[in-house]
Amino acid sequence: YIIMKCIILSENLRKVISIIERSTGKDLTIPILGSFLISTEANSLKIMGTNLEIGIEALLRGTVQEQGKIAIPAKTLSSLISTIPKDEKITLESNKTNLIITTQSQKTLLKGYAHEDFPILPTVKEIYKIVIKRSDLLYALTKSLISTSKNNIKPELASIYFSLYKENLIISSTDSFRLSEEQVKPISFSHKTGQETFLLPFRTCEELIKLLELGDADETTFFVGRGDILIKYGDTSIYSRLTEGKFPEYQQIIPQKFTTHFVAKRSDFINHLRRASIFSNKLQGV
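Residues numbered from 1 in each chain as written. Predicted model: local features only at pLDDT ≥ 70, side-chain atom pairs only at ≥ 80, totals over all residues. Heavy atoms only, no water.

**Let's talk about the overall build of the protein**
Going by this rule: In DSSP terms, a helix is any run of H or I states spanning at least four residues, a strand is any run of E spanning at least two, and both are numbered starting from the N terminus. Think of it in three bands: residues with accessible area under 20% of the maximum for their type are buried, residues over 50% are exposed, and the middle band is partly exposed, with areas taken using a 1.4 Å probe on protein chains only. Contact criterion: two residues are considered in contact whenever any of their non-hydrogen atoms come within 4.5 Å of each other. Values of accessible area rely on a 1.4 Å probe in the Shrake-Rupley scheme; residue burial ignores everything except the protein chains shown.
From N to C terminus, the protein includes five helices and 18 strands. In terms of principal-axis extent, the alpha carbons of the protein reach across some 75 × 50 × 35 Å. For the protein, buried positions account for 43% of its 286 residues. Considering only residue pairs separated by 6 or more positions, the protein has 68% of its internal contacts joining residues 24 or more positions apart. Approximately 16,900 Å² of the protein is accessible, and the part contributed by carbon and sulfur atoms is 53%.

Structure representation (structure tokens):
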């Protein structure tokens, strides 16, 4: 019997799957973490993936004929959808724990899991929220990601530090060798004290950057809780735990005076750096 039935455009489904797939788990002891939870909601299809540290959920507009839920292996579904032409309509039907995918030229059955076994994302109890312009956030995150530590020996260094003070949002990161700091003017914010701070994990920032690059909405909203966060951008939501720990107090190490400065043409400087980098590697970084 049919539990869920929805008609959707393959190109829209492919875009959403490419974003959510990276948040699925690779834990062989909990195989359902390697799947998508697909469900219908009013006139939309909702797809969710999580590895218990980060979860991504997106809504897709479509024609919903029957309501229902099913969990389907993410990699298999992603590989299959990538073979379907962009402008083709897809019909998704669930029959118990099976998903039937029908196009103009093919019909495929994928075996899934009972949706009851899929973990539910926690509800973030909002303490305050921040609304940021997409272009400002994307620029600041991209610059900050460069100086973030790539290992978790010190989790606070493998995160990006957000500090909301007065009317400015300072976004910074350091791996103890490099330091980045960007100031962003939020569109709006709400907070109870004079200063609010949180540490967003490196992996979450990577997923957020990818989402911002693919999207066209103007605003991103951060709902900050105690130990977790919900980020909404367009029809997509990212849930993430926040990093525990204290970010280094770096302000005092930034020089206030300089003895030397120079001005160079950007293109010339980049070309010289590229030539110099030919003779350096991870072991000889000078």
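**Here's the deal with the side chain of Ser 39**
With respect to the secondary-structure elements, Ser 39 resides in strand E2 (residues 35-41). Dropping the residues within four chain positions of it, Ser 39 is found in contact with Met 4, Ser 44, Leu 45, Lys 46, Gly 68 and Lys 69.

**Observations concerning the environment of Ile 127**
Here Ile 127 is to be found in the loop between strand E9 (107-111) and strand E10 (128-133). In this structure Ile 127 comes out as partly exposed when scored by relative accessible area, which is 27%. Between the C-alpha atoms of Ile 127 and Val 224, which are 97 residues apart in sequence, the distance is 5.8 Å.

**Comments concerning the sheet that holds strand E12 (residues 168-174)**
Stated formally: Two strands qualify as a pair provided that DSSP identifies no fewer than 2 bridges between them. Here, axes are lines fitted to C-alpha atoms. For helices the fit covers the stretch in contact, and angles between N-to-C directions go from 0 to 180 degrees.
An order of E13-E12-E11-E15 is seen for the four strands of this open sheet, with the pairing classed as antiparallel. Each having just a single partner strand, strand E13 (179-184) and strand E15 (195-201) make up the two edges of the open sheet. Neighbour-to-neighbour, the strand axes of the sheet open up by a mean angle of 20 degrees, direction not taken into account. Where strand E11 (residues 159-165) and E12 come together, five bridges link them in antiparallel fashion. By the bridge assignment, Tyr 165 is partnered in E12 with Asn 168.

**Things to note about a nonpolar patch on the surface**
This is how the line gets drawn: The patches reported here contain residues having more than 30% relative accessible area and no salt bridge. Joining distances are 9 Å for like charges and 5 Å for nonpolar side chains (Val, Leu, Ile, Met, Phe, Trp, Tyr). Each salt bridge in this description consists of a side-chain nitrogen of Lys or Arg and a carboxyl oxygen of Asp or Glu lying within 4 Å of one another.
A contiguous nonpolar surface patch, about 250 Å² in accessible area, is contributed by Leu 179, Ile 253 and Ile 254. In this structure, Ile 253 sits in the loop between strand E18 (236-241) and helix H5 (266-277).

**Some remarks on the nonpolar core**
Rules: Buried residues of nine kinds, namely Ala, Val, Leu, Ile, Met, Phe, Trp, Tyr and Cys, make up a nonpolar core once their side-chain atoms join them within 4.5 Å.
By size, the foremost hydrophobic cluster in this structure holds 58 residues, and its most contacted members are Leu 45, Leu 77, Phe 162, Phe 198 and Phe 222. In terms of residue count, the dominant contributor to this core is helix H4 (residues 202-214) (six residues). Once residues lying within four places of it in the same chain are set aside, the contact partners of Leu 77 are Ile 17, Phe 36, Ile 38, Ile 72, Leu 99, Ile 101 and Leu 110. The next biggest cluster of nonpolar side chains, apart from the first, holds five residues, and it includes Ile 32, Met 48, Ala 71 and Phe 118.

**Observations concerning the environment of Leu 137**
Mapped onto the secondary structure, Leu 137 falls in helix H3 (residues 134-145). Looking at Leu 137, the relative accessible area reads 0%, which means it is buried. The spacing of Leu 137 and Lys 107 is 30 residues in sequence and 42 Å in space, taken between C-alpha atoms. When sequence neighbours within four positions are dropped, the list of residues in contact with Leu 137 reads Ile 132, Phe 162, Ile 171, Leu 208, Leu 212, Thr 220 and Phe 222.

**Details of the pattern of salt bridges**
Summed over all chains, the structure comprises nine salt bridges. Between Arg 22 and Glu 207 there is a salt bridge, and its shortest N-O distance comes to 3.0 Å. Taken together, the residues span a long stretch of sequence, with Arg 22 in the loop between helix H1 (10-20) and E2 and Glu 207 in helix H4 at a distance of 185 residues. Using a relative accessible area of 35% as the deciding quantity, one classes Arg 22 as partly exposed. By relative accessible area, Glu 207 is classed as buried at 1%. Where Arg 241 meets Glu 53, a salt bridge forms, and the shortest distance between an N and an O atom there is 3.3 Å. On the criterion of sequence distance, the pair formed by Arg 241 in strand E18 and Glu 53 in the loop between strand E3 (44-50) and strand E4 (54-61) is long-range, its members being 188 residues apart. Each of the salt bridges in this network shares a partner with another, and the network as a whole consists of Arg 22, Arg 203 and Glu 207.

**Here we look at the confidence of the model for the protein**
Selection rule: Values of pLDDT, which run from 0 to 100, indicate the predictor's confidence residue by residue.
For the protein, the average pLDDT comes to 89, and 96% of its residues sit at 70 or higher. When pLDDT is averaged over each element of the protein, strand E17 (residues 228-233) comes out on top at 96 and strand E14 (residues 188-190) at the bottom at 86.

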